[in-house]
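Structure at a glance
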Amino acid sequence: MVTSEAPPSCQLLELPRLPDPRGSLTFLHGAREIPFAIRRAYWIYEVPGGEVRGGHAYRTLHEVFIALSGSFDVTVDDGRGSTARYVLNRSYTGLYVPPMMWRTLENFSTNAVCLILASEHYDEGDYMRDYDEFCHARARSRR
Ligand code: TYD
């Protein structure tokens, strides 16, 4: 699932699964299966073929990505030379991405639904949308 050396702080989360002849069930709780209190959820869907989402980092926001349906790739980049690509295609697998991690979502399959759980309410001021600025901030914070 991981296609290169993963930034150490990103983590795949195996969520509980209750297989049942009537259909499978998965659940999660904030601050339990998810490593933060959930303050917001949003989802990405109806993505036309070849489109790319994300392409930014957050200063303080923690997120978990789940492919509720279909599949897509999440590429994470710590701005210090460590990148990884995760193929998400299971309803019971989450990808935890911490703050200050550049993320790009692509290769959405037809009918893919990406659920994102977030640690804070929406705040445009928390976004870093300039990749060079992001890398410089990462380099500065190492000192
Ligand atoms: P953005 O986070 O840039 O999308 P992506 O999923 O590609 O990273 O958000 C796109 C637009 O949606 C942005 O202009 C603000 C709006 N938006 C909200 O209003 N609330 C939200 O919770 C999110 C995630 C986005």
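Report on the accompanying structure. Here the structure is a predicted model, which is why all the values come from computation and not from measurement.

Cut-off values and rules
Residues take numbers from 1 onward in each chain, read along the sequence in its written order. The predicted nature of this model means local features are confined to residues of pLDDT at least 70 and side-chain atom pairs, given and counted, to a pLDDT of 80 or more, with totals for whole chains, interfaces and linings taken over all residues. Put simply, a nonpolar core is buried Ala, Val, Leu, Ile, Met, Phe, Trp, Tyr and Cys residues tied into one set by C-beta atoms within 7 Å. Residue burial here comes from a neighbour count, namely the number of other C-beta atoms, placed from the backbone, that lie within 10 Å of the residue's own C-beta, with 20 or more meaning buried, 12 or fewer meaning exposed, and in between meaning partly exposed. We count a stretch as a helix when DSSP gives it H or I for four or more residues in a row; a strand needs E for two or more, and each element gets its number in order from the N terminus. We call two residues in contact when their backbone-placed C-beta atoms lie within 7 Å. Here the rule is simple: two strands pair whenever DSSP picks up at least two bridges between them. Any residue whose C-beta atom, as set from the backbone, lies within 6 Å of a molecule or strand is reported as near that molecule or strand. Amino acids outside the nonpolar list (Ala, Val, Leu, Ile, Met, Phe, Trp, Tyr, Cys, Pro) and the charged list (Asp, Glu, Lys, Arg) are all regarded as polar, and Gly is one of them. Note on definitions: angles span 0 to 180 degrees between N-to-C directions of axes, and those axes are lines fitted to C-alpha atoms, for helices only across the stretch in contact.

1. As for the nonpolar core
With 24 residues, the main nonpolar core has Phe65, Phe72, Val74, Leu88 and Leu95 as its most contacted residues. Put simply, the parts of the chain that give this core at least two residues each are β3 (53–58), β4 (63–69), β5 (72–77), β6 (83–88), β7 (93–97), β8 (102–106) and β9 (113–118). Counting residues per element, this core draws most heavily on β4, which supplies four residues. In this structure Phe65 touches Val74, Leu88, Gly94, Leu95, Val97, Cys114 and Ile116, once residues within four positions along its chain are discounted.

2. Observations regarding the pairing of β5
Alignment of β5 against β6, held across six bridges, turns out to be antiparallel. In the strand pairing of β6, Phe72 is matched with Leu88. Between the end of β5 and the start of β6, which pair antiparallel, lie five residues, with Gly79 showing a positive phi angle near 75°. Here β5 pairs with β8 via five bridges, running antiparallel. Bridging across to β8, Asp77 finds its partner in Trp102.

3. Describing the sheet that holds β8
Ordered by their spatial adjacency, five strands build an open sheet running β6-β5-β8-β3-β10, and the pairing between neighbours is antiparallel. The sheet is open, and its two borders are formed by β6 and β10 (127–128), each paired with just one other strand.

4. Looking at unusual backbone geometry
Leaving glycine out, the prevailing phi sign among residues is negative, and the prevailing peptide bond configuration is trans. Despite not being glycine, Asn107 shows a phi value in the positive range, around 55°. The residue Asn111 is not glycine, and still its phi comes out positive at about 70°. As for its position among the elements, Asn111 is in the loop between β8 and β9. Look at Asn111 and you get exposed, because 11 C-beta atoms sit within 10 Å.

5. Describing the site of the ligand
Close to the ligand lie Arg40, Tyr42, Ile44, Arg53, Gly54, His56 and Tyr122, which account for all nearby residues. Contributions of two or more residues to the shell around the ligand are made by β2 (40–44) and β3. Taken together, the residues of the shell around the ligand sort by class into three nonpolar, two polar and two charged.

6. So, the sheet that holds β2
One open sheet holds the five strands; their spatial order is β1-β7-β4-β9-β2, and the pairing between them is antiparallel. Either end of the sheet is taken by a strand with one partner, and the two such strands are β1 (11–14) and β2. When strand polarity is set aside, the average angle formed by the axes of neighbouring strands in this sheet is 25°. For β4 and β7, the ladder comprises four bridges, and the chain directions are antiparallel. If you follow Ile66 over to β7, its bridge partner there is Gly94.

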